[in-house]
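Below, each chain spelled out in residue letters.
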Amino acid sequence: MEDFNLPSTERTNLLKNLQEAMSDAPVPPYFWAMCQVCELQALEKFVKIARISPPIVRSFSAQAYSMVLYWTQSAQGTSRGSTPNTTQINRGLGSSPTGSPLTKRQKTTKSPASSPLAERQTTTKSLVGSPLLHRSKAASDLARERDGYCCVLSKESSIEVAHIYPFCRLSTSEENVFGARHLFWEHLKSFWSEEKVAAWEAELFPRGLSETGDERVDNRITLSKIAHSQWNRGAYALKPISISEDKTILRVQFFWQKKQPDMQAAMSLLTIPLSTENLNHNEGAFDYGETRLRDGEDNRIKSGDIFDLKTDDPTKKPLPSFKLLELQWFLTRVIGMAGAAFPYEPSSGDDSDEDVPGLDLDEAGDTSFLSDIPQSNSLELLYEVNRALAESPKHHTEEAEEDRAGIGSDYVA
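Definitions and limits used
- Residues numbered from 1 in each chain as written.
- Predicted model: local features only at pLDDT ≥ 70, side-chain atom pairs only at ≥ 80, totals over all residues.
- Heavy atoms only, no water.
- Buried < 20%, exposed > 50% of the residue type's maximum accessible area, 1.4 Å probe, protein only.
- Helix = DSSP H or I, 4+ residues; strand = E, 2+ residues; numbered from the N terminus.
- Contact = heavy atoms within 4.5 Å.
- Axes fitted to C-alpha atoms, helices over the stretch in contact; angles between N-to-C directions.
- Parallel < 35°, antiparallel > 145°, perpendicular 65-115°, else oblique.
- Nonpolar A, V, L, I, M, F, W, Y, C, P; charged D, E, K, R; others polar.

Novice: Please give an account of helix α7 (residues 137-146) that cites residues and values.
Specialist: Quick reminder: α-helices carry 3.6 residues per turn. Residues three or four places apart thus point the same way. Among the 10 residues that make up α7, seven are buried, leaving the element largely enclosed by the rest of the structure. Considered for burial, the residues of α7 that qualify are A138, A139, S140, L142, A143, R144 and R146. For α7, the secondary structure elements touched by its buried residues are β3 (159-163), β4 (220-224) and β9 (306-310). Backbone geometry just downstream of α7 places G148 in the positive-phi region, at approximately 70 degrees.

Here's what the structure looks like:
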């Protein structure tokens, strides 16, 4: 049932223990939503830490906020200061008129020849000195061809090629280990195992987080314009189920998401998410009411529906990455549950959001809870956590083990 956002018995018990350890203090919506989808081992860790030092767990609350902010911000409007944003510059490069100085500089940049896509994939230097990766038309063309020039869900022919992991988060290098990208990937480890996070990271940044990421066919999926917009808004999430041994068929499961009503700046960890079982529409992702999708046989798509994505050439036209879809599955559900609100703007064309989940956070309202959160970076927080655990009396560990006794073994997706 967790696929439909209903917590298992084991998750519910752990959330009760965490709520108690935090003296019933409310938490921010995105931390609450993260706790609905993260690994159970992460919740066990939070319980153990909260029994020693609740303020440290409030630091994890701040991490959830910053993770959602990083994942959902579009390249436009992300700059908080006067320094030019490298991703904004990248967008400018991508849309400059043919005769503009920026475009001329692009044309003189030599392309690497290390991959089949290299002749159409180049990098250059931004005005702030960070190398930029340009969109690969070759990769988009191969994704369209792989998906039969139609939406993988609705089979409509009016399509856009969407990145699974936002392109604007791949396109620049980041040498600062305390930069937004490094902290985003470090924060993921608070909610999922290091092994799982490392596997996600390797799909995108094989040369390390400090370098630009890779433009790949398997980071793309073909959607209709409305399906693309809905996905960006967290209206639905796709769960990867299985991939065939010969890598020619990827099975995914579709789940509409349902925004929690009357979302507040802080809420109880024991708030039960709304079930998405048998849901055949989304209400809450857009300001204008319900939004729906129909499949290739004109049936309304509902939560739990299965779709098989296929390729006739897994080498040249690989299927969408199972690992990246898994990362999307978790984070999109967080957005779907906690909500997002920004003016709806029609998509601007092929391969565009511009391939960025153009979500902003809900209007924040009262964010005073942040004032009680230690404003430490990830490495300092990790040090504090390890020190607290090392100094904790043995009975904390024994209590945690006792709390595990009798907990159900419901299947966790």
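Alright, that's what it looks like, and here's the rest.
Novice: Could you give an account of the environment of I164, with specific residues and numbers?
Specialist: Note that I164 resides in the loop between β3 and α8 (180-188). We classify I164 as buried; its relative accessible area is 3%. Once the C-alpha coordinates of I164 and D218 are considered, the two residues, 54 residues apart in sequence, prove to be 8.6 Å apart.

Novice: Before we move on, can you summarise the packing of helix α3 (residues 40-50) against helix α4 (residues 54-72) with the specific residues and values?
Specialist: Direction vectors running N to C along α3 and α4 enclose 140 degrees, while the axes themselves pass 7 Å from each other. Relative to α4, the element α3 lies oblique. Residues F46, I49 and A50 of α3 form the contact with α4, whose participating residues are P54, I56, V57 and F60. Residues that form the contact of α3 with α4 fall into these classes: seven nonpolar, no polar and no charged.

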